Amino acid sequence: QAKEDLKETPYKAWGERNNKERRESYNEYAKSIIAKSIKDKKTFWFKDADSKTIDNSIPYNASKGTTYGGLTSILLRAVTEMEGYKEPSFLTMQQANFMGGRLKKQLDDEGKPILTKNGKESYVRGVKVAILKEYDYKPKLDEKGETIEKEVLRKDGTTTKEPVMEKYFLEKPVLETITLYHTSQFEGLKQEKLKERDLKPLQKYRENLKNDTRDYRPNLERLG
C-alpha cells in the first residue's frame with residue numbers, strides 16, 4: 001500500500017482533462033501568484049484606498065477599454081503591484097499583434113537573452129486567466145462537403161488561400177485559459193490604438209446590484 005501511495009499521479013494533457021481537473025490545475029496557478037505577492041510583500045489588498053483610487057487602478061483590456069473582475073482582476077492587480085506597472089493595461093497576443101506589437105524577449109541582468117531548455121530565446125511571460133469557452137470556429141463547407149476557401153493578401157503582396165471559418169456553439173462550455181500581457185511587454189505597439197479604461201459599464205453594473213442581497217465579491221475559498 002505504501003508503494004502505491006508513492007506512485008506519481010499520471011500526467012494528463014490539458015486537452016484530456018475535464019472542467020473540474022482544469023479548474024483544480026488553474027487554482028494551483030492562481031495560488032502561486034498570490035503566494036508570491038505575499039512573499040514579496042506586494043499585497044495590494046492591505047493598502048488603504050477610497051473608491052476613486054480603486055476605480056483608477058482596476059486592470060483593463062487596452063484593446064477594448066473593458067475592466068476585469070473577479071479572480072482575474074485580483075491576479076492582474078497582484079502582478080501589477082509586483083512588477084511595478086504604472087498603468088494596469090493588458091492585451092492578448094492577438095490584440096497586440098493587430099496593433100503592431102511584438103512580444104519582448106526575456107533578458108538576464110546583463111541584458112542577454114535567456115534561453116529555453118531547447119536552446120531557443122525565451123519570451124516574457126504573461127498572466128493566465130480562466131474563461132468558459134461557449135463556442136469555437138470550424139472550416140465552412142459547401143453543398144458538396146468541401147472546404148470553402150478565400151484569397152488572403154499577404155504583407156509581401158502575394159496572395160494565399162485560407163479556409164472560411166464559421167462559428168458554432170459547443171454542447172457544453174469548456175474551461176480554457178488565455179494569456180494576458182502588460183502593454184509594456186510589447187515592442188512597436190501603436191499607442192494611438194490603445195483605449196483608456198471605460199468605467200461606465202462597471203458603474204451601471206454596480207447600480208443594478210444596489211438592491212441585490214447576494215454577495216458578489218470574488219469567492220476565494222475554492223483556492224484553499
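Residues numbered from 1 in each chain as written. Predicted model: local features only at pLDDT ≥ 70, side-chain atom pairs only at ≥ 80, totals over all residues. Heavy atoms only, no water.

Next up on the list: the environment of Glu16. By the secondary structure assignment, Glu16 is in the loop between helix 1 (2-6) and helix 2 (19-39). Look at Glu16 and you get exposed, because its relative accessible area is 55%. With 22 residues separating them along the chain, Glu16 and Ile38 place their C-alpha atoms 33 Å apart. (Helix = DSSP H or I, 4+ residues; strand = E, 2+ residues; numbered from the N terminus. Buried < 20%, exposed > 50% of the residue type's maximum accessible area, 1.4 Å probe, protein only.)

Here the focus is helix 4 (residues 70-83). If you check helix 4, its first and last C-alpha atoms are 20 Å apart, about what 14 residues at 1.5 Å a residue would give, namely 20 Å. The buried fraction of helix 4 amounts to 11 of the 14 residues, a majority that puts the element mostly inside the structure. Structurally, helix 4 contributes buried residues whose contacts are with helix 2, helix 3 (51-55), strand 2 (89-91), strand 4 (127-139) and strand 7 (165-182). Just downstream of helix 4, Gly84 is the residue with a positive phi angle, here 75°. (Expected span 1.5 Å × (residues − 1). Contact = heavy atoms within 4.5 Å.)

Going through the model one piece at a time under the given rule, you end up with six aromatic pairs. Considering the side-chain rings of Phe44 and Trp45, the 5.2 Å spacing of their centres and the 80° angle between planes classify their relative orientation as edge-to-face. Given a relative accessible area of 33%, Trp45 falls into the partly exposed group. An angle of 90° between the planes, with centres 6.0 Å apart, marks the rings of Tyr135 and Tyr137 as edge-to-face. In this structure Tyr135 comes out as partly exposed when scored by relative accessible area, which is 36%. Given the relative accessible area of 45%, Tyr137 is considered partly exposed. Among the aromatic residues, those joined into a cluster by ring pairs are Phe44, Trp45 and Phe46. Taking the ring centre of Tyr29 as reference, the NZ or CZ of Lys128 above it sits at 5.8 Å. (Phe/Tyr/Trp six-rings, centres within 6.5 Å; stacked < 30°, edge-to-face > 60°. Lys NZ or Arg CZ within 6 Å of the ring centre and 35° of its normal.)

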